[in-house]
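# Descriptive structure summary
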Amino acid sequence: DAGITQSPRHKVTETGTPVTLRCHQTENHRYMYWYRQDPGHGLRLIHYSYGVKDTDKGEVSDGYSVSRSKTEDFLLTLESATSSQTSVYFCAIQRGDTEAFFGQGTRLTVV
Amino acid sequence: EDQVTQSPEALRLQEGESSSLNCSYTVSGLRGLFWYRQDPGKGPEFLFTLYSAGEEKEKERLKATLTKKESFLHITAPKPEDSATYLCAVQAGGSQGNLIFGKGTKLSVKP
């Protein structure tokens, strides 16, 4: 979706290193989300934000932190990456009352 | 516990062979049911939102319907370009946009 940009698109990192993924929106939406997608599990919510500096945990938040200092940017940080965090990460924004629109994803490999 | 189950996991059709995908759900107060299409290496692409039992929505060869326990995505006379993974998700009443996803149905349409 043209209104959401994720960076980087691909990353390989070593176990124990910190990693930050960025989600940038150009549409000024209040709600932003981070999901992970794994084979056999579908998409699962990690954290979400309902405004600047307002965030909350999702289903699989352990090992992750987030920050939102500006409306347009939502950052996901893995403080100390583990192999279980190898996944594809998707950012989403909420347009309207309920509809979520997703970015193109970041493929993260932890070796 | 809110839950979404999609069936079948995979479906192979010949071009022009109509069929349906199923999404059964249990949720504490349905706020919305969503269908997405996902192509390999890309983020989910929004298709439909359904809000109440009896509601139907159409887009080209796709038609989504909703009952109190399940939703169907009907594909009429599919073409090879309809090949993708179709995801179903629900949002519970009172949740702040958190979507509960099924694991998806992988559709292959052969010419």
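This report concerns the structure included in the present document.

So, how was this worked out
- Residues numbered from 1 in each chain as written.
- Chains lettered and ligands numbered in written order.
- Predicted model: local features only at pLDDT ≥ 70, side-chain atom pairs only at ≥ 80, totals over all residues.
- Heavy atoms only, no water.
- Pairing = 2+ DSSP bridges.
- Helix = DSSP H or I, 4+ residues; strand = E, 2+ residues; numbered from the N terminus.
- Axes fitted to C-alpha atoms, helices over the stretch in contact; angles between N-to-C directions.
- Salt bridge = Lys/Arg side-chain N within 4 Å of Asp/Glu carboxyl O.
- Buried < 20%, exposed > 50% of the residue type's maximum accessible area, 1.4 Å probe, protein only.
- Core = buried A, V, L, I, M, F, W, Y, C linked by side-chain atoms within 4.5 Å.
- Contact = heavy atoms within 4.5 Å.
- Polar contact = N/O pair within 3.5 Å; in protein donor to acceptor, adjacent residues only side chain to side chain.
- 1 Å grid on protein atoms, 1.4 Å probe; cavity = no way out; pocket = protein on both sides within 12 Å on 5 of 7 lines; lining within 4 Å.
- Points joined across faces, edges and corners; volume = space filled by probe spheres on them.
- Phe/Tyr/Trp six-rings, centres within 6.5 Å; stacked < 30°, edge-to-face > 60°.
- Lys NZ or Arg CZ within 6 Å of the ring centre and 35° of its normal.

## Here we look at the sheet that holds strand β6 (residues 56–59) of chain B
Residues and elements named next belong to chain B. Read from one edge of the open sheet, five strands run β1-β3-β8-β7-β6, paired in antiparallel fashion. A single partner strand is all that each edge strand has here, and the edge strands are β1 (3–7) and β6. For this sheet, the mean inter-axis angle between neighbouring strands, taken without regard to orientation, is 15 degrees. Pairing geometry for strand β7 (residues 62–66) and strand β8 (residues 70–75), over five bridges, is antiparallel. Across the sheet, Ala64 pairs through a bridge with Leu73, a residue of β8.

## Observations regarding the pattern of salt bridges
With the rule as written, the count across this model stands at nine salt bridges over all chains. Note that Asp73 of chain A is salt-bridged to Arg22 of chain A, the shortest N-O span being 3.1 Å. You can see Asp73 of chain A sitting in strand β8 (residues 73–78) and its partner Arg22 of chain A sitting in strand β3 (residues 19–25), a full 51 residues away along the chain. Judged by its relative accessible area of 8%, Asp73 of chain A falls in the buried class. Glu55 of chain B is paired through a salt bridge with Lys57 of chain B; the nearest N and O atoms lie 3.8 Å apart.

## Topic: the nonpolar core
Grouped together as the largest cluster of nonpolar side chains are 38 residues, with contacts concentrated most on Trp34, Leu76 and Tyr89 of chain A together with Tyr36 and Phe101 of chain B. Among the elements that make up this core, the one with the highest residue count is strand β9 (residues 87–95) of chain A (six residues). Apart from residues lying up to four places away in sequence, Leu76 of chain A is in contact with Val19, Thr20, Leu21, Trp34, Ile46, Tyr64, Ser65, Val66 and Tyr89 of chain A. In this structure, Leu13, Leu62, Ala64 and Leu73 of chain B belong to the second largest nonpolar core, which totals 22 residues.

## Some points on the side chain of Arg37 of chain B
All names here are of chain B. Structurally, Arg37 is set in strand β4 (residues 30–38). In this structure the side chain of Arg37 is engaged in a polar contact, spanning 2.7 Å, whose partner is the backbone oxygen of Glu81. At 3.3 Å, the side chain of Arg37 and the backbone oxygen of Ser83 are in polar contact. Look past the residues within four positions of Arg37 in its chain and what remains in contact with it is Gly43, Pro44, Glu45, Leu47, Glu81, Asp82, Ser83, Ala84, Thr85 and Tyr86.

## Focus: the layout of surface pockets
Of the volumes computed, that of the largest pocket is approximately 1,100 Å³. Of all the secondary-structure elements, those providing two or more residues to the lining of the largest pocket are β4 (32–38), β5 (42–51), β9 and β11 (106–110) of chain A together with β1, β9 (84–92), β10 (99–101) and β11 (105–110) of chain B. Looking at which element gives the most residues to the lining of the largest pocket, the answer is β1 of chain B, with four residues. Size it by volume and the second largest pocket reaches roughly 150 Å³. Lining the second largest pocket, in full, are Arg37, Glu45, Leu47, Lys59, Glu60, Arg61, Leu62, Asp82 and Tyr86 of chain B.

## Quick look at the packing of aromatic side chains
Counted under the stated rule, the structure contains 12 aromatic pairs over all chains. Judged by centre distance (6.0 Å) and plane angle (75 degrees), the ring pair of Phe102 of chain A and Phe101 of chain B falls under edge-to-face. Of this pair, Phe102 of chain A sits in strand β10 (residues 99–102) while Phe101 of chain B sits in strand β10, each in a different chain. Using a relative accessible area of 7% as the deciding quantity, one classes Phe101 of chain B as buried. Taken together, Tyr31, Tyr33, Tyr35, Tyr48, Tyr50, Phe101 and Phe102 of chain A together with Tyr36, Phe46 and Phe101 of chain B form an aromatic cluster joined through their ring pairs. The ring of Phe101 of chain A has Arg95 of chain A lying over it, and the distance from NZ or CZ to the ring centre is 4.3 Å.

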